[in-house]
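# Close look at the chain arrangement
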Amino acid sequence: MSPAMAATAEHSHTHDAHGHDHGHDHHDHHDPGFLKKYVFSTDHKMIGVQYGVSGLVFLAFGFMLMLVMRWSIAHPGEPLPAGLSWILQLFGDDFVTRWAPDGKVSGSLYNMFGAMHGTIMVFFGVVPLGFAAFVNFVMPLQIGAPDMAFPRLNMWSYWLFFISGVFMMASFLLPTGAAQAGWTNYSPLAAVIQRNTDARFWTGQTQWLFAMVFNISASLLGSVNVLTTVINLRAKGLTWMRLPFFTWAMFVIAFLLLLAFPPLEVAALMQLSDQVFQSSFFLPTGLWTSESGILNVSGGGHPVLFQHLFWFLAHPEVYVLLLPGIAIVAEIIPCNTRKPLWGYKSMVYAVLTLAFLSFIVWAHHMYLTGMGTVVATFFQFTTVMISVPSVILLTCLMISLWGGSIRFPVPMLFATAFLPMFGIGGLTGLPLAFSFIDLYLHDTYYVIAHFHYIVAPGVIFALFAGIYHWYPKVTGRMMGTVLGHLHFWPSLIMMNVLFAPMFIQGMAGFHRRWYDGGKVFEITAHKYFYLNEIISWGAWGLGLAQIPFIINFFLSIKAGKKVTSDNPWNATTLEWSAPTPPPHGNFLTEPVVYRGPYEYSVPGALKDYSPQWEPVTELEAAETAKVPASH
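Reading the values: rules and limits
Residues numbered from 1 in each chain as written. Predicted model: local features only at pLDDT ≥ 70, side-chain atom pairs only at ≥ 80, totals over all residues. Heavy atoms only, no water. Helix = DSSP H or I, 4+ residues; strand = E, 2+ residues; numbered from the N terminus. Rg over C-alpha atoms; globule rule 2.2 N^0.38 Å. Buried < 20%, exposed > 50% of the residue type's maximum accessible area, 1.4 Å probe, protein only. Areas by Shrake-Rupley, 256 points an atom, 1.4 Å probe, with all protein chains shown as cover. Lys, Arg positive; Asp, Glu negative; His and termini not counted. Charge placed at Lys NZ, Arg CZ, Asp CG, Glu CD. Phe/Tyr/Trp six-rings, centres within 6.5 Å; stacked < 30°, edge-to-face > 60°. Lys NZ or Arg CZ within 6 Å of the ring centre and 35° of its normal. Contact = heavy atoms within 4.5 Å. 1 Å grid on protein atoms, 1.4 Å probe; cavity = no way out; pocket = protein on both sides within 12 Å on 5 of 7 lines; lining within 4 Å. Points joined across faces, edges and corners; volume = space filled by probe spheres on them. Nonpolar A, V, L, I, M, F, W, Y, C, P; charged D, E, K, R; others polar. Axes fitted to C-alpha atoms, helices over the stretch in contact; angles between N-to-C directions. Parallel < 35°, antiparallel > 145°, perpendicular 65-115°, else oblique. Left-handed = near helix turned anticlockwise from the far one by under 90°. pLDDT = per-residue confidence, 0-100. Disulfide = S-S within 2.5 Å. Salt bridge = Lys/Arg side-chain N within 4 Å of Asp/Glu carboxyl O. Core = buried A, V, L, I, M, F, W, Y, C linked by side-chain atoms within 4.5 Å. Polar contact = N/O pair within 3.5 Å; in protein donor to acceptor, adjacent residues only side chain to side chain. Patch = residues over 30% accessible without salt bridge, like charges linked within 9 Å, V, L, I, M, F, W, Y side chains within 5 Å.

What follows is about the overall build of the chain. Helix and strand counts for the chain stand at 21 helices and two strands. Radius of gyration (C-alpha) of the chain: 25 Å, near the 25 Å computed for a compact globule of 631 residues. Considered along the principal axes of its C-alpha atoms, the chain spans approximately 80 × 50 × 50 Å. With 631 residues in all, the chain has 58% of them scored as buried. In the form shown here, the chain has an accessible surface area of approximately 25,300 Å², with 69% of it arising from carbon and sulfur atoms. The distance from the centre of the 28 positive side-chain charges to the centre of the 32 negative ones in the chain is 3 Å.

Our next topic: the packing of aromatic side chains. Tallied over the full model, the rule gives 61 aromatic pairs. Through pairs of rings, three or more aromatic residues link up here, namely Phe414, Phe461, Phe464, Tyr468, Tyr471, Phe488, Trp489, Phe549, Phe553 and Phe554. For Arg234, the ring lying beneath its charged end belongs to Trp240, and the centroid distance is 4.3 Å. Residue placement shows Lys607 over the ring face of Tyr609; its charged tip is 5.2 Å from the ring centre.

Before going further, it helps to examine the environment of Asn154. Structurally, Asn154 is set in helix α7 (residues 151-170). Since its relative accessible area comes to 1%, Asn154 is described here as buried. Considering only alpha carbons, one finds Asn154 and Leu352, 198 residues apart in sequence, at a separation of 25 Å. Not counting the four nearest positions on each side in its chain, Asn154 is found in contact with His44, Ile47, Asn136, Met148 and Asn225.

Our next topic: empty space enclosed by the protein. Overall, the coordinates contain four cavities of 30 Å³ or more when judged by the stated rule. Here the largest cavity is characterised by a volume of approximately 160 Å³. Lining the largest cavity are 18 residues, with Tyr51, Phe131, Ala132, Ala218 and Ser219 positioned closest to its centre. Counting only elements with at least two residues in the lining of the largest cavity, the list comes to α6 (107-142), α7 and α9 (204-232). Per-element tally for the lining of the largest cavity: the top contributor is α6, with seven residues. Looking at the lining of the largest cavity, its residues break down into 12 nonpolar, six polar and no charged.

Interhelical geometry of α6 versus helix α11 (residues 303-337) gives an angle of 45° and a closest axis separation of 10 Å. As the angle between them shows, α6 and α11 are arranged oblique. Here α6 and α11 pass one another in a crossing that is left-handed. Of the residues in α11, those touching α6 at Val122, Phe123, Val126, Val127, Gly130, Phe131, Phe134 and Gln142 are Leu313, Glu317, Val320, Leu321, Pro324, Ile328 and Glu331. Classifying every residue of the contact of α6 with α11 by side-chain character gives 11 nonpolar, two polar and two charged.

The next point concerns the confidence of the model for the chain. Considering every residue of the chain, the mean pLDDT works out to 91; 94% of them sit at 70 or more. Contacts from residues 1-28, a stretch scored under 50 in pLDDT, to residues over four places away or in other chains number 40 contacts.

What follows concerns the state of the cysteines. In a disulfide, the sulfur atoms of two cysteines are held together by a covalent bond. Overall, the coordinates contain zero disulfides when judged by the stated rule. In this model Cys335 remains outside any disulfide bridge; the closest cysteine sulfur is found in Cys396, 19 Å from its own. For Cys335, a relative accessible area of 0% corresponds to the buried category.

A separate point is the packing of helix α12 (residues 344-357) against helix α13 (residues 373-401). The packing of two helices is summarised by the inter-axis angle and the distance between the axes. Running from N to C, α12 and α13 cross one another at 155°; their axes reach a closest spacing of 9 Å. One finds that α12 runs roughly antiparallel with respect to α13. In the packing of α12 onto α13, the handedness of the crossing is left-handed. Along the contact surface, α12 presents Ser346, Met347, Ala350, Val351, Thr353, Leu354 and Leu357, while α13 presents Met385, Ile386, Pro389, Ser390, Ile392, Leu393, Cys396 and Leu397. When the residues that make up the contact of α12 with α13 are grouped by side-chain class, the tally is 12 nonpolar, three polar and no charged.

Looking along the chain, the bond that leaves Ser187 and enters Pro188 is cis, with omega of 5°. Considering the arrangement of structural elements, one finds Pro188 in the loop between α7 and α8 (189-192). With an omega of -15°, the peptide bond between Thr580 and Pro581 qualifies as cis. Examined against the element boundaries, Pro581 turns out to sit in the loop between α20 (547-559) and α21 (618-626). Non-glycine residue Asp102 carries a positive phi angle of around 60°. Among the structural elements, Asp102 can be located in the loop between α5 (93-99) and α6. Overall, Asp102 belongs to the exposed group, its relative accessible area being 65%.

As enumerated under the stated definition, the model contains five salt bridges in all. The closest approach of N and O atoms between Arg338 and Asp608, which form a salt bridge, is 3.0 Å. With Arg338 in the loop between α11 and α12 and Asp608 in the loop between α20 and α21, this pair connects stretches of sequence that are 270 residues apart. Its relative accessible area of 6% is what places Arg338 among the buried residues. Here Asp443 makes a salt bridge to Arg512, at a shortest N to O gap of 3.0 Å. One end of the pair, Asp443, is in the loop between α15 (435-441) and α16 (445-475); the other, Arg512, is in the loop between α17 (481-507) and α18 (522-525), with 69 residues separating them in the sequence.

Further remarks concern the nonpolar core. One finds Phe113, Phe134, Phe172, Phe245 and Leu323 to be the most contacted residues of the largest nonpolar core, which totals 197 residues. In terms of residue count, the dominant contributor to this core is α6 (22 residues). Setting aside residues no more than four positions away along its own chain, Phe245 makes contact with Ile326, Ala327, Ala330, Glu331, Leu341, Tyr344, Met347, Val348, Val351, Leu393 and Tyr598.

Its place among the elements puts Asn336 in helix α11. Judged by its relative accessible area of 1%, Asn336 falls in the buried class. Within the local environment of Asn336, its side chain forms a polar contact with the side chain of Arg407, the two groups lying 2.9 Å apart. What Asn336 contacts, discounting residues up to four positions off in sequence, is Ser405, Ile406, Arg407, Pro409 and Met412.

Nonpolar side chains collect at one region of the surface, where Val384, Leu427, Leu430, Phe434 and Phe436 lie side by side and expose about 460 Å² of accessible area between them. As for its placement among the helices and strands, Phe436 is situated in helix α15. Residue classification places Phe436 among the exposed positions, given a relative accessible area of 62%.

Below, the structure written as structure tokens:
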């Protein structure tokens, strides 16, 4: 980079730091036309927005399926009220006639919605929003890259994901309905549940597998792209230990996806072969069903093999869900406490350790398969071990609050609420590490509560925080504060009304697959029936609490308060040096990094934030030399 260019860059960034409105749009002369700009875009920012909006739509859809399930649990045998029956009408009259006669939720419909709720929320909601959307929009800006390493591959990644979503949604309209074998799709149930049909290819179970193959392929393309971009396209001066923790976490997630997803893709193809071509990868000899008697298959397969392949992906997948939340919170807390992220290096090493350990804990989901005490002991040990790096991450975030000059814009509300909610989810998971406890609690509402405390008031709160935080960089406008508060406080209350009572029901033995809420066990379980209604009211209240967010999200695009600076939060990482919204190529001049990612309240600095793109002043260097390193 020439001295003249460096001087231009420094002048541009200094000008920006003083909060002037630039009106950068005239710098972007790249106009590829509507289709290539908004539909088949190769620009990482537009692909990030596509993933984000798609993920939010799928989250809303998966949430609506759960609302119907909660009615069935709280009011078994009663017709759906008008406020919920419209959800079924989305699938057409034939669907309602077949699966909800007299407007009542049948057991088959409950199983279908349960399987699809889990699948859509995890693979089509949280991962596309938490990983794909944020990594595509934010990460190249944070490392000073003009785009992702492989822009066309990036476009293909999104469209493979989109095709997988079409397959998954269309499966509801098939005569068999959508998949009904749970979001885990275990064999042999998944292979035989819709077997008695002439067109085995056109069943919900088969289309579930096709959708997952496309979805996994999309994730693999995206992860290769992320790894290559972070390794090769970092700005001058951006060494590994100057990377923002957000980028470190996304780098690790890409490794998890690349290494863990192929086994599930292979398992899906093998199960597809079992269903369509009558193979027996997962079907044992002499398998008997009430509809067909002994199945006419070659046999010799092993159902537990599918569980191993599934959970070898699905436990790292838990951290693919979780780490984007921690990554976002790690950006928002230092920015709003005006002090550095405490223990940055500890967090980097913890997330690398977490990634490694996540590959050797998968069978703690499988204690009921009778794996034997030696193997169970190994997985109990590794499961307790993996809690250590998780606690390090959470502790560093909590200590980062200590002594800070804390301000509470809407992103900070969601980020700070994430900490105790994720803490509850993590601590309640520790007892499940032990097989003698898990044998009792497996598949009960205790497990539902533990997992959902991590991903709902935990991860999804963090994702909301990220949306509010980076929205001004995407659109050039702020989201409304009043609507943000109307979104946050009811959501926080309703999340706990919804999930906290599930711990009590779970310890009382309430099973996750009772579509009538346990009415069949009225003699023994009646003491906790009343919680079914409380939990369901929490779910419906949570749905209403999202209305302010939806209004805020779309209204602020045109009516939100315009930002007066490229750096409205006075943050330190590189994405805030780009014009707002960033043009094609992202930066007006080549970015150069001079310092670490979280230099807030630096002794000797003229202001309480020292961005990465500003050179270290002599006064800062002198003051820093006097202070012993504390991190």
